[in-house]
Amino acid sequence: MTKSIRVTLGGKDLTLRGDNEETVKKSVREVNLQLQSLQQAAKDQGAQTLSLLTALNLAERCIQAEEGRAADIAYLTTELGKMTELLERAWHQPLT
Amino acid sequence: MRPVNAETTVRKDIKEESQFSPSIQVVEPAPEPAPELMSVVNSLWDAIRNGAEIIVTLRQENTILQTQIDVLRHSEADLQGKIDGFLQRIEELERINAGLSQDHSPAGDNHDGTRLTELEELYTTVVGERDQLREQLQNTHEQLQESKHSLQEKAANSGHVARLIADLEERAQFVEQLQARCTELEKIASANMASPESEKRIADLEEQLKQAQQALLQANNAQLAGLQNGLRSQLDMFGGHVAELAANSAEVTEAVAVRLEQIADEIEKLIELS
């Protein structure tokens, strides 16, 4: 169910619309933390640049998470295949 | 790839547009699975290996049980067949029993009468075979008794022959003693020979003594030859024959002994006279 969510993002008060308020607020909190970190490290940079860098860092974390997830899926797929093969052998191999 | 931070963005010698260009990106190795995921997978591997061993064990036990089940089913089929046979046999016996009961009554039917006749014939046949077997057994027993007696007689004859041979050997020794005695008497006679009449008498006596010895040897040889022939031919018949030979031998030996004693007495008389 879509509803209005009031947040403060980069010092600006915004009213957003979303289905999961908790997820929206956590995302806003993460963006603000990333923005504040960049502001402290690069005080001479403008707001637009800091916003772009924040977006870039968050995008990179998202990609890393997707790659890790893909690696986990591949690892699980391989291991489950080996397990299945072992069980198949135990089930079908001739008995001594 | 580390997150972009302020340090990389504020470097004076690098423009902002080139900060994220491909030239500064580093090719990182393929990401490793999460450690907690690997730990869970390892635990799952342990469970899978144990499960595989259990599967193999269960399959082996299943094979053994299947074999035992097959054996039991086979035995069950055999027992069922035997039970069917027994039931059939019981029914048959009950039918026969019922037929015999009815046959004892005046109202027995022809079928039961026929069955009874067959049973009576069978009984008669069995009794006849039994009598024949008894007769054969009796004959065999008698033959065995005869064989036993024959063996006992043969054993007794063998002992009798052995005793006869020993007796003949003893007589041969006696003859040797007589010969020695004759030789001694000859020496005495030659030493005391005084008259021609005595010499002649001694010569006659010696001649008689030789004849008696020859007769004794011939009799003994005849007895031995008879014994050998009797032993070779038939041991059953040999007992009587040996008994006769023994009797003849005893008579001859006794006669020779008497004659030799007479000769000895005469020689002693001649010696006394001389």
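The numbering scheme is per chain: residues are counted from 1 as the chain's sequence reads. To label them, take the chains in the order written and letter them from A, then take the ligands in the order written and number them from 1. Restriction of local features to residues with pLDDT of at least 70 applies here, the model being predicted, together with a cutoff of 80 or more for giving and counting side-chain atom pairs; totals for whole chains, interfaces and linings are based on all residues.

What follows covers the pairing of strand β1 (residues 3–9) of chain A. Residues and elements named next belong to chain A. Exposure in this text rests on C-beta crowding, where 20 or more other C-beta atoms within 10 Å of a residue's own make it buried, 12 or fewer make it exposed, and counts in between make it partly exposed. The C-beta atoms are placed from the backbone. Only runs of H or I of at least four residues qualify as helices and only runs of E of at least two qualify as strands under DSSP, and these elements are numbered from the N terminus. Across the seven residues of β1, zero count as buried, placing the element largely on the outside. Strands are labelled as partners when DSSP assigns at least two bridges between them. Here β1 runs beside strand β2 (residues 12–18); their pairing, made up of seven bridges, is antiparallel. What sits directly across from lysine 3, in β2, is glycine 18. Taken together, β1 and the strand that follows it, β2, pair antiparallel across an intervening segment of two residues, in which glycine 10 is found at a positive phi of about 65°.

The next point concerns helix α1 (residues 21–41) of chain A. All names here are of chain A. Multiplying one less than the number of residues by 1.5 Å gives the expected span of a helix. For α1, spanning 21 residues, the distance from its first C-alpha to its last is 30 Å, which sits close to the expected 30 Å at 1.5 Å a residue. Every buried residue of α1 is listed here: Gln34, Leu35 and Leu38. The buried residues of α1 occupy an angular sector of 100° when projected down its axis, which confines them to one face. Away from its buried face, by an angle of more than 90 degrees, α1 presents the exposed residues Glu22, Lys26, Arg29, Leu33 and Gln40. The directions from the helix axis to the C-beta atoms are what the arc is built from.

Compared with an ideal rise of 1.5 Å per residue, which puts 46 residues at 68 Å, helix α2 (residues 47–92) of chain A spans 67 Å between its outermost C-alpha atoms and is within 8% of the ideal. Among all positions of α2(A), only A:Leu50, A:Leu53 and A:Thr54 are buried.

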